[in-house]
Amino acid sequence: MKLKKLLSSLLSTNAAFVILLLLQIFFLLFMVTRLGERFVLVYFLLIVLDIVLLVYITNKNEPISYRMAWIVAISIFPLFGGVSYLYLKLSQQFPKSLDMRNQKQSKELLVQNRSVMDELSCDCPDSLNLARYISAYGLYPVYRNTDIRYFPLGEMQFEALIAELEKAEHFIFLEFFIISKGYMFDTISELLIRKSKAGVDVRLMYDGIGTGMLNSVKPFRRLEENGVKCKVFNPFRPMISSVQNNRDHRKIVVIDGHTAFNGGTNLADEYINRKERFGHWKDTAIMIRGQAVWNYTVMFLQLWGKAESAEIRKFSPPLTAEGNTGGADGFIQPFSDSPLDEEPVGKRVYLELISNARSYVCITTPYLILDEEMTNALGFAAKKGVDVRIITPHIPDKWYVHMIAWNNYERLTAMGVKIYEYTPGFIHAKTCVADGITAVVGTINFDYRSFYLHFECGSVLYDVSVIKDIVADFERTVSASHLITAGECAQRSVVKKIAGAILNIFAPLL
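Please read these numbers as outputs of a predicted model, since none were measured by experiment.

Caption draft 1: A look at the sheet that holds strand β11 (residues 387-393). Read across the open sheet, the 8 strands follow the order β9-β16-β15-β14-β10-β11-β12-β17; overall the sheet is mixed. Of all strands in the sheet, those bounded by a partner on one side alone are β9 (331-337) and β17 (481-484). Across this sheet, the average inter-strand angle for adjacent strands is 15°, counted without regard to direction. Bridge count for strand β14 (residues 431-434) against strand β15 (residues 438-442) is 4 bridges, and the pairing is antiparallel. Pairing of T431 across the sheet is with V441, part of β15.

Following this line, the structure appears as structure tokens:
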């Protein structure tokens, strides 16, 4: 446990900031003592590099907050800021061709049924443009014949997940950001081993930093020895590279092509409240059955490896999943978001729900690190009379993120947005509902990492009856939360306000 905390501290952005400052001081001393008169020339060249990079960054097609963070960093650290930016940009390891290949493959495998889109146009005309956008730029179709079940807590999802895994006959795909040894993972591991020995194709993919860096390889080695195929996504390497920021933050389970789970829950005991870390852990997820599961099957296999379209088609859903599964209503559109392109699909989906809401918007998120575009969208919706409510954690997992969130509280409450903190502990759920008609459930936080750096996924629900369950759960959570007032924001100490303002500048880099 101490080793995990030490590694987390050493790899944090705060540690990197301090190390960068110390390196600059040592480098300055080295240059003065060793280079003598040549120091002036080297320093001049570094300043020229910084100026060129500042002009380049200012005109680059990136979020203004992200550009501003680098501009400030280079200005504060003239000796190392520009060099660090240049090195990080040149050390990309994910080839753009990977994303282009997936796009081509998606167009072959994920074909939009025109009749379904026509039905959506008739039944949910206000949602048509959003569905078109996700289909065109997220490359994932919208479906009709799909049953959906909502889980307001991780432990409820876990119970259903075990029951569904027991039914698997052909294949099981699992993808998680965090996997930690404990009751939850041990229970699933025994089940996966048993299923693998019974001939089921079992594959488990986990992130190289979220899981692989802070956990022993023994549990995964045991799984592999018993037939379970395990893969580390983007393994951690002890080198400075911007690719280390591109994490697999998705949480996906696909069973036999007809059932899928997605939401905020990882495979660790705190997510099902068998282990307390930050008070009561509140998470959400959905289980879907039917045609839409195909979207999750494809997105898993594309990130898993270099499978060709013909090989992926072998895992297409059975014919029984093509008809109405009984009780299905509305439409669902599972989608993924990649940092390899310049299209922040997840953020655009949230913005569409917020901008088009007429009555209310309900949001749950563990992190509230916003750029100007998102802040203005939330504020403008509130100014138009839309009831905008956001629930965030009262007990944070990262103190500096919570401090930045409070910086956003002050701005948002001043514009009429209602901010609640989940008093019992930590809310990890990522949901957004607009007018009880459209909703998003998935892995996408309201922060820069989810919007721009991570591989993410989620499902957009259009006019699905289960949305009322999500709204009812939100209302119950509000009743257990504390409303942040403008007075509380004003009463914060000057030190906290200044610290929050400074941290907010570098928020895109955290």
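Caption draft 2: Spatial organisation of helix α7 (residues 114-123). Taken together, the buried positions of α7 are occupied by V116, M117 and L120. An end-on view of α7 places all buried positions within 100° of arc, on one side of the element. Residues of α7 that are exposed and point more than 90 degrees away from the buried face comprise R114 and C122. Contact partners of the buried residues in α7: α8 (128-138), β9 and β16 (456-462).

Caption draft 3: Spatial organisation of the pattern of salt bridges. Counted by the stated rule, this structure contains 24 salt bridges. Salt-bridge contacts for K181 lead to D186; the nearest nitrogen and oxygen are separated by 3.3 Å. Classification of D186 as partly exposed rests on a relative accessible area of 29%. Between K418 and D387 there is a salt bridge, with its nearest N and O atoms 2.9 Å apart. Placement of the pair is K418 in strand β12 (residues 418-422) and D387 in strand β11, with a sequence separation of 31 residues.

Quick notes on the rules
- Along each chain, numbering runs from 1 in the same order as the chain's sequence is written.
- Local features in this predicted model are restricted to residues of pLDDT 70 or higher, and side-chain atom pairs are both shown and tallied only at a pLDDT of 80 or more, whereas totals for entire chains, interfaces and linings draw on every residue.
- Excluding hydrogens and water, the side-chain figures rest on all heavy atoms present in the structure.
- One bridge is not enough; two strands pair if DSSP finds at least two bridges between them.
- Only runs of H or I of at least four residues qualify as helices and only runs of E of at least two qualify as strands under DSSP, and these elements are numbered from the N terminus.
- Only C-alpha atoms enter the line fits that serve as axes; for helices the fit covers just the stretch in contact. Angles between N-to-C directions range over 0 to 180 degrees.
- Three labels apply to residues, based on accessible area from a 1.4 Å probe with only protein chains included: buried if under 20% of the type maximum, exposed if over 50%, partly exposed otherwise in between.
- Think of it as the arc spanned by the lines of direction from the helix axis to the C-beta atoms.
- Residue contacts are defined here by distance: any two heavy atoms, one from each residue, within 4.5 Å place the two residues in contact.
- We count a salt bridge whenever a side-chain nitrogen from Lys or Arg sits within 4 Å of a carboxyl oxygen from Asp or Glu.

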